[in-house]
Amino acid sequence: LLVTDYRCRPSARESLRLPWVERVHRYDMNDGSKHGSGINPNVVKSLVSFKEYSVMRKLLLEILSFTLLPEQIIGLRGEFEKLDVDGDGEISLAELKRMLVRNAGTG
């Protein structure tokens, strides 16, 4: 795209079909997430309030997470994948901050 000679440079139409351009476009159109139009506002609220919980309450929530039903796990996995923008199976601090800032008005 940075070729100065227009005869050697791809057209605008060809450029829009480049894989990396399509990936960036999909990312922008989905509010920064891979799946859907943003994270559930309840998840944003829960994440923000979780940091205020006591150590005991956090531990109890972790234990309770093992009692979730399969459909609840599927829903949470979807929300996790929205936060895990690069798809590495981990939510980095940068990914978490980006999503919380984008969704601050909804939660």
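In the block above lies the structure referred to throughout.
Small disclaimer: the values here were computed from a predicted structure and weren't measured. (Residues numbered from 1 in each chain as written. Predicted model: local features only at pLDDT ≥ 70, side-chain atom pairs only at ≥ 80, totals over all residues. Heavy atoms only, no water.)

**Remarks on helix α5 (residues 70-83)**
In a regular helix each residue adds 1.5 Å, so 14 residues correspond to 20 Å; α5 covers 20 Å between its end C-alpha atoms and thus fits that length. Within α5, the full set of buried residues consists of Glu-79, Lys-82 and Leu-83. For α5, the angular spread of the buried residues around the axis is 105°, confining them to a single face. Seen from the open side of α5, the exposed residues pointing more than 90 degrees away from its buried face are Pro-70 and Ile-74. Close packing links the buried residues of α5 with α3 (41-50) and α6 (93-102). (Helix = DSSP H or I, 4+ residues; strand = E, 2+ residues; numbered from the N terminus. Expected span 1.5 Å × (residues − 1). Buried < 20%, exposed > 50% of the residue type's maximum accessible area, 1.4 Å probe, protein only. Arc of directions from axis to C-beta. Contact = heavy atoms within 4.5 Å.)

**Some words on the packing of aromatic side chains**
All told, the structure shown has 1 aromatic pair when counted by the stated rule. Judged by centre distance (5.7 Å) and plane angle (70°), the rings of Phe-50 and Tyr-53 are edge-to-face. Judged by relative accessible area, Phe-50 falls into the partly exposed class, the value being 35%. A cation over an aromatic ring shows up here: Arg-57 above the ring of Tyr-53, its NZ or CZ 3.9 Å from the ring centre. (Phe/Tyr/Trp six-rings, centres within 6.5 Å; stacked < 30°, edge-to-face > 60°. Lys NZ or Arg CZ within 6 Å of the ring centre and 35° of its normal.)

**What about the pattern of salt bridges?**
The final tally for this structure, using the stated rule, is 3 salt bridges. Between Arg-7 and Asp-5 there is a salt bridge, and its shortest N-O distance comes to 3.2 Å. (Salt bridge = Lys/Arg side-chain N within 4 Å of Asp/Glu carboxyl O.)

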